[in-house]
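Architecture at a glance
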Amino acid sequence: QVQLVESGGGLVQPGGSLRLSCVASGKIFKIGDMGWHRQAPGKQRELVAMSTSSGGTTNADSVKGRFTISRDNAKNTVYLQMNDLKPEDTAIYYCTADARAGLFHDVGHYWGQGTQVTVSS
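Residues numbered from 1 in each chain as written. Predicted model: local features only at pLDDT ≥ 70, side-chain atom pairs only at ≥ 80, totals over all residues. Heavy atoms only, no water.

1. Considering the side chain of aspartate 89
Its location among the elements puts aspartate 89 in the loop between β8 (77-82) and β9 (91-100). Reaching out from aspartate 89, the side chain makes a polar contact with the side chain of arginine 38 at a distance of 3.0 Å. Beyond its immediate sequence surroundings of up to four residues, aspartate 89 is in contact with Arg38, Arg66, Phe67, Asp84, Val117 and Val119. (Helix = DSSP H or I, 4+ residues; strand = E, 2+ residues; numbered from the N terminus. Polar contact = N/O pair within 3.5 Å; in protein donor to acceptor, adjacent residues only side chain to side chain. Contact = heavy atoms within 4.5 Å.)

As structure tokens, then:
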């Protein structure tokens, strides 16, 4: 099994910045895509940003130019640098990862427990 643990959430004023981190641990043979989703109160969960194992990235239109996803494959860690935060960015942010526990294991899709980000003055 693979565990994902997020950190770095909190309360920040509009225009401020936060950096989220997510570390994958457990029985890991290979990690593929890693990303961030978020869910605001009363809204559906949505993709924020995604990083492929080859280095490609995708950002939601709502965060382009403000959020940057990066990863450290040696540490099985993915980051989300969030700048110029807005009240509408308030949500629980979840880390996701596609990972294989062994060479002949199927790829599993894993979620972290989430970290709260609140943007308010």
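The rest of the description comes next.
2. Remarks on the nonpolar core
Leu4, Trp36, Val48, Phe67, Leu80, Met82 and Tyr93 are the most contacted members of the largest nonpolar core, which totals 29 residues. Elements with a minimum of two residues in this core: β1 (2-7), β3 (18-26), β4 (30-39), β5 (46-51), β7 (67-72), β8, β9 and β11 (115-119). Looking at this core, the element that brings in the most residues is β9, giving five residues. What tyrosine 93 contacts, discounting residues up to four positions off in sequence, is Glu6, Leu20, Trp36, His37, Arg38, Val48, Phe67, Leu80, Met82, Gly114, Thr115 and Val117. (Core = buried A, V, L, I, M, F, W, Y, C linked by side-chain atoms within 4.5 Å. Buried < 20%, exposed > 50% of the residue type's maximum accessible area, 1.4 Å probe, protein only.)

3. Considerations on the state of the cysteines
Under the defined criterion, the tally for this structure stands at one disulfide. The residue that forms a disulfide with cysteine 22 is cysteine 95, at a sulfur-sulfur distance of 2.0 Å. Residues cysteine 22 and cysteine 95 share a disulfide whose torsion about the S-S bond is about -80 degrees; that sign makes it left-handed. A residue pair is termed long-range when its members are at least 10 positions apart, and cysteine 22 in strand β3 and cysteine 95 in strand β9 qualify at 73 residues. Across this residue pair, the class does not change: cysteine 22 and cysteine 95 are buried. (Disulfide = S-S within 2.5 Å.)

4. Quick word on the pairing of β3
Two strands pair when backbone bridges link them, and β1 and β3 are joined in this way by six bridges, in the antiparallel orientation. When the bridges of β3 are listed, valine 2 appears paired with glycine 26. Where β3 lies against β8, six bridges are found, and the strand directions are antiparallel. Across the sheet, residue cysteine 22 finds its bridge partner in β8, namely valine 78. (Pairing = 2+ DSSP bridges.)

5. A word on the packing of aromatic side chains
Scanning all chains against the criterion turns up one aromatic pair. The cationic tip of arginine 19 hangs over the ring face of tyrosine 79; the distance from NZ or CZ to the ring centre is 4.0 Å. Positioned over the ring face of tyrosine 94 is arginine 45, at 4.0 Å from the centre of the ring. (Phe/Tyr/Trp six-rings, centres within 6.5 Å; stacked < 30°, edge-to-face > 60°. Lys NZ or Arg CZ within 6 Å of the ring centre and 35° of its normal.)

6. Topic: a nonpolar patch on the surface
There is a patch of nonpolar side chains on the surface, built from Phe29, Leu103 and Phe104 and spanning about 410 Å² of accessible area. A residue is classified by how much of its surface remains accessible, and phenylalanine 104, at 79% relative accessible area, is exposed. (Patch = residues over 30% accessible without salt bridge, like charges linked within 9 Å, V, L, I, M, F, W, Y side chains within 5 Å. Areas by Shrake-Rupley, 256 points an atom, 1.4 Å probe, with all protein chains shown as cover. Salt bridge = Lys/Arg side-chain N within 4 Å of Asp/Glu carboxyl O.)

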